[in-house]
Amino acid sequence: MKMMKQAVIRSSEASDTIPYLMELGLIDRSAKISKAGDRRLLPITPGREGEMAAMGYELAEGPAYTVERRRPQERLAEELSELPDEIVAVLPMRWEFAGDVVILKMEEGCLPYKKRIGEAYAKILGAKTVCADLNGIAGEFRRPSTEVIYGIDTESVRLENGIFYEFDVSRIMFASGNVDERQRMKEQDCEGETVVDMFAGIGYFTLPIAKFTGARKVFACEKNPDSYKYLVRNIVRNEVSERTVPILGDNRNIPGKRFADRVIMGYVQTTSAFLPKALDIVKRGGMIHYHDTFYVKEHKQRIEGIFASTGRDFEIEGIKEVKSFAPSVSHYVADVRIS
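What counts and what doesn't
Residues numbered from 1 in each chain as written. Predicted model: local features only at pLDDT ≥ 70, side-chain atom pairs only at ≥ 80, totals over all residues. Heavy atoms only, no water. Helix = DSSP H or I, 4+ residues; strand = E, 2+ residues; numbered from the N terminus. Buried < 20%, exposed > 50% of the residue type's maximum accessible area, 1.4 Å probe, protein only. Contact = heavy atoms within 4.5 Å. Lys, Arg positive; Asp, Glu negative; His and termini not counted. Charge placed at Lys NZ, Arg CZ, Asp CG, Glu CD. Pairing = 2+ DSSP bridges. Axes fitted to C-alpha atoms, helices over the stretch in contact; angles between N-to-C directions. Disulfide = S-S within 2.5 Å. Parallel < 35°, antiparallel > 145°, perpendicular 65-115°, else oblique. Left-handed = near helix turned anticlockwise from the far one by under 90°.

Asker: It is not clear to me how the overall build of the protein chain should be interpreted in this structure. Could you clarify?
Answerer: Scanning the protein chain from N- to C-terminus turns up 10 helices and 17 strands. In terms of its C-alpha atoms, the protein chain occupies a principal-axis envelope of roughly 75 × 50 × 30 Å. Counting over 339 residues, the protein chain shows a buried share of 45%. Considering only contacts in the protein chain between residues 6 or more positions apart, those separated by 24 or more positions represent 64%. Seen as two clouds, the 49 positive and the 51 negative side-chain charges of the protein chain have centres 2 Å apart.

Asker: Could you clarify how one ought to interpret the sheet that holds strand 3 (residues 39–43) in this entry?
Answerer: What holds strands together in a sheet is hydrogen bonding between their backbones, with the strands either parallel or antiparallel. An order of 2-3-1-4 is seen for the 4 strands of this open sheet, with the pairing classed as antiparallel. The open sheet has two edge strands, strand 2 (34–36) and strand 4 (58–63), and neither has a second partner. The average undirected angle you get between the axes of adjacent strands in this sheet is 40°. Pairing geometry for strand 1 (residues 3–10) and strand 4, over 6 bridges, is antiparallel. Across the sheet, methionine 4 pairs through a bridge with glycine 62, a residue of strand 4.

Asker: Even after reading the chapter, I still don't get the state of the cysteines, so can you show me in this structure?
Answerer: Think of a disulfide as a covalent bridge from one cysteine sulfur atom to another cysteine sulfur atom. All chains considered together, the criterion is met by 0 disulfides. Sulfur of cysteine 110: no disulfide; nearest cysteine sulfur belongs to cysteine 131 and is 16 Å away. Look at cysteine 110 and you get buried, because its relative accessible area is 0%. Left unpaired, cysteine 221 is separated from the closest cysteine sulfur, that of cysteine 190, by 18 Å. Taking the relative accessible area as the measure of exposure, cysteine 221 reaches 1% and is therefore buried.

Asker: Looking at this model, I keep getting lost on the sheet that holds strand 17 (residues 329–338). Mind explaining?
Answerer: On the basis of which strands lie adjacent, the open sheet formed by 7 strands has the order 13-12-11-14-15-17-16 and mixed pairing. Two strands close off the open sheet at either side, each with one partner strand: strand 13 (244–248) and strand 16 (314–326). Recorded for the sheet is a direction-independent mean angle of 15° between the axes of neighbouring strands. Relative to strand 17, strand 15 (residues 282–295) is paired through 9 bridges, and the arrangement is antiparallel. Paired with histidine 291 across the two strands is valine 333, which belongs to strand 17. Across the sheet, helix 6 (residues 179–186) lies against strand 15, strand 16 and strand 17, angled at about 150° from strand 16, the strand it touches most.

Asker: Help me out: how do you make sense of the packing of helix 3 (residues 72–79) against helix 5 (residues 114–125) in this one?
Answerer: The geometry of a pair of packed helices is captured by two quantities: the angle between their axes and the separation between those axes. Viewed as axis vectors pointing N to C, helix 3 and helix 5 meet at an angle of 140°, and their least axial separation amounts to 10 Å. Here helix 3 is positioned oblique relative to helix 5, judged by the angle of their axes. Handedness of the helix 3/helix 5 crossing: right-handed. Each of Pro72, Arg75, Leu76 and Glu79 in helix 3 lies in contact with helix 5, whose residues at this interface are Arg116, Ala120, Tyr121, Lys123, Ile124 and Leu125.

Right under this line is the structure:
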């Protein structure tokens, strides 16, 4: 049997360590991650053994079990072949990973078989927990409507663009479609700036700005207590506590005037209701990143109208489509300079 080098880690460290090492390309994705007691054995990408050793990981040698080469969709259909044909035909063929938690959009007809489906997806996809997304998100706090169909632990850690996001998938929405915008915020030049994130959530934009842009201070406001709890954890996890101030409460109660060089308004549908507060705290010459949803052919006109109605001088430096929101409706972000 072929042997290969493996890195040995504690199973308790797996949810943080495995995504990190995968992003660095140090784990061989063509080989299986195996268990040995309370340890995980991570197959090292050939030629990268020295890097793993230099990072302080214990190395071992073990058999190279190759990953099944068939597409997971094929393996899932085979695994669940005992279900009625009409159910197999509508099994979710796409899913979202949140660390080692899998989220499925499941049709109502599948629900009587949810336990068996959850077991199969956990087995084939290597997940500790499987959740069914039943009705999307709703309410002021945009809580997801999910049901756990396998496992018990819904807390997870997602590694994205060098940032760790810890959250509970059963209570908090993670907008995976906003990944490009989070990357764009990471690339802003905020050297020496004071930044206010009016809708911080678990730190979607706060964390990349605080960690990578040179911002002097980031005030991160969040009203949802669940999101705020993970915002605080993520600030510590990403080592940005010295320049990040989490605030629990309504952003319209943030004290002070004209102190922010940059304001992030990462909300949609009712964003304009919070614009007076943003204009109250932004400096003259400061930047507002204004998010909202509009019909695709009306977005520029609507954004201009919203800012013109405030009576403040402004210049729209750019408008970007973040993602599709609904038929003929998209989520946009406008970079607006306040004169």
